[in-house]
Amino acid sequence: MQMMTRDILLEMDQEEEDDDDGDIVLDNLEQTTVCSFGSLESQPDFRTPEFEEFNGKPDSLFFNDGQRRIDFVLVYEDESRKETNKKGSNEKQRRKRRAYESNLMCDGLHLEATRSILDDKLVFVKVHAPWEVLCTYAEIMHIKLPLKPNDLKTRSSAFGNFSWFTKVLQVDESIIKPEQEFFTAPFEKNRMNDFYIQDRDTFFNPATRSRIVYFILSRVMYQVRDNVKKFGINRLVSSGIYKAAFPLHDCNFSHKSEDLSCPSERYLLYREWAHPRSIYKKQPLDLIRKYYGEKIGIYFAWLGYYTQMLFLAAVVGVACFLYGYFNQNNCTWSKEVCNPDIGGKIIMCPQCDQHCSFWNLNITCESSKKLCIFDSFGTLVFAVFMGIWVTLFLEFWKRRQAELEYEWDTVELQQEEQPRPEYEAQCTHVVINEITQEQERVPFTTWGKCVRITLCASAVLFWILLIIASVIGIIVYRLSVFIVFSTKLPETLNGTVSIQKYLTPQTATSITASLISFVIIMILNIIYEKVAIMITNFELPRTQTDYENSLTMKMFLFQFVNYYSSCFYIAFFKGKFVGYPGDPVYWLGKYRNEECDPGGCLLELTTQLTIIMGGKAIWNNIQEVLLPWVKNLIGRCRTVSSAEKISPRWEQDYHLQLMGKLGLFYEYLEMIIQFGFVTLFVASFPLAPLLALVNNILEIRVDAWKMTTQYRRMVPEKAQDIGAWQPIMQGIAILAVVTNAMIIAFTSDMIPRLVYYWSFSVPPYGNHTHYTMEGYINSTLSIFNVADFKNQSKGNPDPKAVIPTTCRYRDFRNPPGHEQQYKHNIYYWHVIAAKLAFIIVMEHLIYSVKFFVSYAIPDVSKSTKSKIKREKYLTQKLLRENHLKDMTKNMGVIAERMVEVVDNNLRPKSE
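Residues numbered from 1 in each chain as written. Predicted model: local features only at pLDDT ≥ 70, side-chain atom pairs only at ≥ 80, totals over all residues. Heavy atoms only, no water.

The helix and strand inventory of the chain stands at 27 helices and 19 strands. Scored against the burial criterion, the 911 residues of the chain give a buried share of 51%. Long-range contacts, defined as pairs at least 24 residues apart, comprise 79% of the intrachain contacts of the chain with a sequence gap of at least 6. (Helix = DSSP H or I, 4+ residues; strand = E, 2+ residues; numbered from the N terminus. Buried < 20%, exposed > 50% of the residue type's maximum accessible area, 1.4 Å probe, protein only. Contact = heavy atoms within 4.5 Å.)

Before going further, it helps to spend a moment on the state of the cysteines. Summed over the entire model, instances satisfying the criterion amount to three disulfides. The disulfide partner of Cys338 is Cys365, and the S-S distance across this bridge is 1.9 Å. Taking the torsion about the S-S bond as the criterion, the Cys338 to Cys365 disulfide, at about 100 degrees, is right-handed. Residue Cys338 is found in helix H11 (residues 332–338), and its partner Cys365 is found in helix H12 (residues 365–374); the two are separated by 27 residues along the sequence. (Disulfide = S-S within 2.5 Å.)

This part takes up the sheet that holds strand S9 (residues 244–246). Spatial strand order, S1-S3-S4-S2-S9: five strands in an open sheet with mixed pairing. Two strands close off the open sheet at either side, each with one partner strand: strand S1 (50–51) and S9. On the sheet, helix H6 (residues 206–217) packs against strand S2 (72–77) and strand S4 (122–128) and is oriented at approximately 45 degrees with respect to S2. (Pairing = 2+ DSSP bridges. Axes fitted to C-alpha atoms, helices over the stretch in contact; angles between N-to-C directions.)

This brings us to the packing of aromatic side chains. The full count for this structure, using the stated rule, is 60 aromatic pairs. Measuring from ring centre to ring centre gives 5.9 Å for Tyr306 and Phe675, while their planes differ by 70 degrees; the resulting arrangement is edge-to-face. Taken together, the residues span a long stretch of sequence, with Tyr306 in helix H10 (residues 294–326) and Phe675 in helix H21 (residues 663–680) at a distance of 369 residues. In this pair, the class of Tyr306 matches that of Phe675, namely buried. Ring centres 5.0 Å apart and planes at 85 degrees place the aromatic pair Tyr757 and Trp758 in the edge-to-face group. Overall, the relative accessible area of 53% leaves Trp758 in the exposed class. The ring of Tyr76 carries the charged tip of Arg97 above its face, separated from the ring centre by 3.7 Å. The positively charged end of Arg452 is found above the aromatic ring belonging to Phe538, 4.7 Å away from the centroid. (Phe/Tyr/Trp six-rings, centres within 6.5 Å; stacked < 30°, edge-to-face > 60°. Lys NZ or Arg CZ within 6 Å of the ring centre and 35° of its normal.)

In terms of burial, S4 is a largely internal element, seven of the seven residues being buried. The alternating pattern of S4 places Leu122, Phe124, Lys126 and His128 on one face and Val123, Val125 and Val127 on the opposite face, and all of these are buried. With six bridges connecting them, strand S3 (residues 110–115) and S4 associate as antiparallel partners. Across the sheet, residue Glu112 finds its bridge partner in S4, namely Lys126. Taking the residues that link successive antiparallel strands as the turn, the S3-S4 hairpin has six residues.

What follows covers the packing of H10 against H12. Running from N to C, H10 and H12 point in directions that differ by 140 degrees, and their axes come no closer than 6 Å. Considering their axes alone, H10 and H12 lie oblique with respect to each other. In this structure, H10 meets H12 at a crossing whose hand is right-handed. Contacts between H10 and H12 pair Phe321, Gly324 and Tyr325 from the former with Cys372, Ile373 and Phe374 from the latter. (Parallel < 35°, antiparallel > 145°, perpendicular 65-115°, else oblique. Left-handed = near helix turned anticlockwise from the far one by under 90°.)

Time to look at helix H9 (residues 285–292). Buried within H9 are the following residues: Leu285, Leu287, Ile288, Tyr291 and Tyr292. Angular distribution of buried residues about the axis of H9 spans 160 degrees; they occupy a single face of the element. Downstream of H9 by one or two residues, Gly293 has phi in the positive range, about 100 degrees. (Arc of directions from axis to C-beta.)

Let us look at the side chain of Ser60. Checked against the element boundaries, Ser60 lands in the loop between S1 and S2. Judged by relative accessible area, Ser60 falls into the buried class, the value being 11%. A distance of 3.3 Å separates the side chain of Ser60 from the backbone nitrogen of Phe62, its partner in a polar contact. For Ser60, the residues in contact, after removing those within four places along its chain, are Arg649 and Trp650. (Polar contact = N/O pair within 3.5 Å; in protein donor to acceptor, adjacent residues only side chain to side chain.)

To continue, consider unusual backbone geometry. Here the bond from Pro763 into Pro764 is cis, since omega is 10 degrees, no more than 30 degrees from zero. Looking at the element boundaries, Pro764 is found in the loop between helix H24 (750–760) and helix H25 (776–780). With a phi angle near 65 degrees, Tyr822 is a residue other than glycine that sits in the positive phi range. Relative to the helices and strands, Tyr822 is located in the loop between strand S19 (806–810) and helix H26 (826–856). For Tyr822, a relative accessible area of 6% gives the class buried.

A few words now on the environment of Phe396. Tracing the backbone shows Phe396 in helix H13 (residues 377–407). Between the C-alpha atom of Phe396 and that of Asp859, which follows or precedes it by 463 residues, the distance is 7.6 Å. Setting aside residues up to four positions removed in sequence, Phe396 forms contacts with Tyr305 and Ile857.

On to the side chain of Asn825. Along the chain, Asn825 turns up in the loop between S19 and H26. What makes Asn825 buried here is its relative accessible area of 16%. One polar contact links the side chain of Asn825 to the main-chain amide nitrogen of Tyr827, over a distance of 3.2 Å. With residues near it in sequence (within four places) discarded, Asn825 still touches Phe812, Arg813 and Asn814.

Another point: the packing of helix H18 (residues 544–572) against H21. Interaxial distance between H18 and H21 falls to 11 Å at its minimum, and their mutual angle equals 40 degrees. By the criterion of interaxial angle, the relationship of H18 to H21 is oblique. The way H18 lies across H21 gives a crossing that is right-handed. Listed contacts from H21 to Leu551, Thr552, Met555, Phe556, Gln559, Phe560, Tyr563, Tyr564 and Cys567 of H18 are Phe665, Leu669, Ile672, Ile673, Gly676, Phe677 and Leu680. Residue classes in the contact of H18 with H21 are distributed as 13 nonpolar, three polar and no charged. (Nonpolar A, V, L, I, M, F, W, Y, C, P; charged D, E, K, R; others polar.)

This brings us to a nonpolar patch on the surface. Together, Val168, Ile279, Tyr280, Leu690, Val694, Ile697 and Leu698 give the surface a local cluster of nonpolar side chains, amounting to about 570 Å² of exposed area. Summarising the element assignment, Leu690 is placed in helix H22 (residues 688–710). (Patch = residues over 30% accessible without salt bridge, like charges linked within 9 Å, V, L, I, M, F, W, Y side chains within 5 Å. Areas by Shrake-Rupley, 256 points an atom, 1.4 Å probe, with all protein chains shown as cover. Salt bridge = Lys/Arg side-chain N within 4 Å of Asp/Glu carboxyl O.)

Attention shifts here to the environment of Thr184. Position of Thr184 among the secondary structure elements: in strand S6 (residues 182–186). Along the sequence, Thr184 and Ile143 sit 41 residues apart, while their C-alpha atoms lie 9.4 Å from each other.

Bringing helix H3 (residues 131–140) into the picture now. Counting buried residues in H3 gives seven out of 10 residues, a clear majority hidden from the surface. Taken as a whole, H3 has its buried residues at Trp131, Val133, Leu134, Cys135, Thr136, Tyr137 and Ala138. Here the buried face of H3 lies against strand S5 (144–149), helix H5 (200–203) and H6. One or two residues past the end of H3 sits His142, with phi positive at roughly 55 degrees.

Okay, the environment of Asn549 next. With respect to the helices and strands, Asn549 occurs in helix H18. With 175 residues separating them along the chain, Asn549 and Ala724 place their C-alpha atoms 5.2 Å apart. In this view, Asn549 contacts Gly723 and Ala724; residues no more than four positions away in its chain are not counted.

Turning to the pattern of salt bridges, a few remarks are in order. This structure, assessed with the given rule, holds 25 salt bridges. Lys281 is the salt-bridge partner of Glu272, the closest N and O atoms lying 3.2 Å from each other. Look at Glu272 and you get buried, because its relative accessible area is 3%. Among the residues examined, Lys281 registers a relative accessible area of 18% and is labelled buried. Here Glu294 and Lys718 are joined by a salt bridge, their closest N and O atoms 3.2 Å apart. Highlighted residues: Glu294 in helix H10 and Lys718 in the loop between H22 and helix H23 (725–747), separated in sequence by 424 residues. Since its relative accessible area comes to 7%, Glu294 is described here as buried. Because the salt bridges share partners, they merge into one network encompassing Glu179, Glu265 and Lys290.

Next up, the structure:
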């Protein structure tokens, strides 16, 4: 029957010219469709949906007959009522749409059209899937459905003894009632009696019905010409034939539905989840999963769990910060910097060529005080703690994820997932399956696959190189502008001592470079998003999960370089290869490498993290909250003249914003980038977990608010886990140990201070009689003879000032006049040995603890394993018993018929 429809379409489209909405060769479409539930054999023309007037019930989710539920809505603009009526183009669109709707009806779907109340050009086509269609496609899609109520015990709370406390945080079960649990199995029509069917209208819940209908809409075609076939609602929407396609929300978010049979789940989600007054409550994950599907449910479950774990990290981080804050007055080396008799008399060498002058060390007094807060012993403790925390988080999340797989029935999801329509469309090559030894179709040969992978990898590499080029540009900016600030800033701020204390040339350069870096990051981010989608579409992954995992890896690799490259430069490269004043190292042969403050680059790294993390959070919240709200506000203003009219549910939803298939992907990406900031550079900024915690508490409710109030309802999708984000987080966790160890060793001054305290403050290297930090600043600043300046690197001294004979610079080198002058001294080698030893010890210690924790905490708890095995056993037993009952019943019927036949054959003879 399906072929009859295609033949008519082929005949129709041979008369048309080809258009630009895309061609797909689809020789094997017949393999991906099922038999139609209707025929065109007796129809002179296409079947079209009947037009019905709106019945005045704004909360109705049914056709006008009040019996058939609306499972999906298609929206188009009537060509005959368009203001700019291009007859040829409009006629082609109309015929394609009619062909598509006719095929939908031939596949068994029911359609009903209603004209818009607010705009008579718009037409809403309501789609209903009857029982036979739902059963057929539920079997094709391997959808698991209830067999019998689950009699196993539900998961008990770990805080059961504190129920009096946790009850305040729990969702009120009198408002959102717990869902009944069932044993489930993949649906089969020939075993329909085995399933728990009490009411055909509720056996398939609205989310499942929408999934099935969307599966059909994505695979029904509308045009054929020269063996080139076009199909699917996505292509029709993108080409403008339809304006939108979406499932309906069940009610208005601000009040319950007037239909008493409607559960008003959207209203409940808004009240108990998205409303600001529920910010302290746990999320109703089961209701989120039921309404939006497992894919969105698992995202909010992960985000909520991550936020809970951040609470512990934030508490420890704040404690370490307070430790540094209250002990900053005991920071001996900072006191020496600020002391007029010590830091005030130390003259530092110029930090740039020609334009920079000599300067006194005490002008960095304020930055040295701030540095004491972050560069303290508490930072070391916190870095070790975070290395263990991230392992605990990942391991406990795996256990929680396994529990959700069991509770949400996604343990064997991989068997259910169907190929993407775009993949099926390109399956034109026939190969032999190595396992089944049968023919199957694939989109490209092995050579073609290698070519695609090579091209995609080259494109990704090109964009990564582009980011690196932008980072080099920022470095050149820093080197150039530092000279300007060193020359102009003292003149501009002359007389304003209070400002000069805080706004030094180094600080001004760091802040402006961080802001420019943030702007470039956001611009490149916007461009690459589109490029990454194009590359992944060209790569042609098989399933939606494969598609998202491929896009995830590309986007994260780009974002990793984009967001973190500037931080890596400050942490591990800035100030490390500068030479000394008489022989500086030049960048690109022209720009002199920039140096760190006398206290190191740690404070600058903290500034960079604060600007990028804070700026990113503000920018994302503006995008997520303000943008959809303004768009919806503009849409409401356009229809304000018709505001007194009662509009139906489908028209209200149409004026909401579209979430997009990759909307959730960007939510994950935002959180994983934040996860990287919290773990990779936490040794320089112990308040990062606190900022992330506050942001995530708001993020959960902001995401809930926009999904519930500002966006159309998304098509529910299945998901077993968080996909490729899990191995990405594991990779970040491993890298975080290395980066934090290297930040403490090479970026902070903790190791040089410890070496001085234990070795160089006392004989034979020091002059003090006891271990002390006094004299540390003097020991870490080497002496340079001004007469040894080369002309190129010689500074520009103030004409009014007396030119010193020597100046100081940050390094461990021998003084002038030494037999190895300006070579690294013994202190330098002690420090290098201590840094390497620290990195090795810290890494091995944390990796050992991580390995032990990973081994000690199984990914799936013993109780969850037992529940999965018992459910599988009981399900198989139930199906087997029902099968035996059916066989016994059938055998009894056959036996009775055989007895009747024998009796009928023997009766005449006996007579």
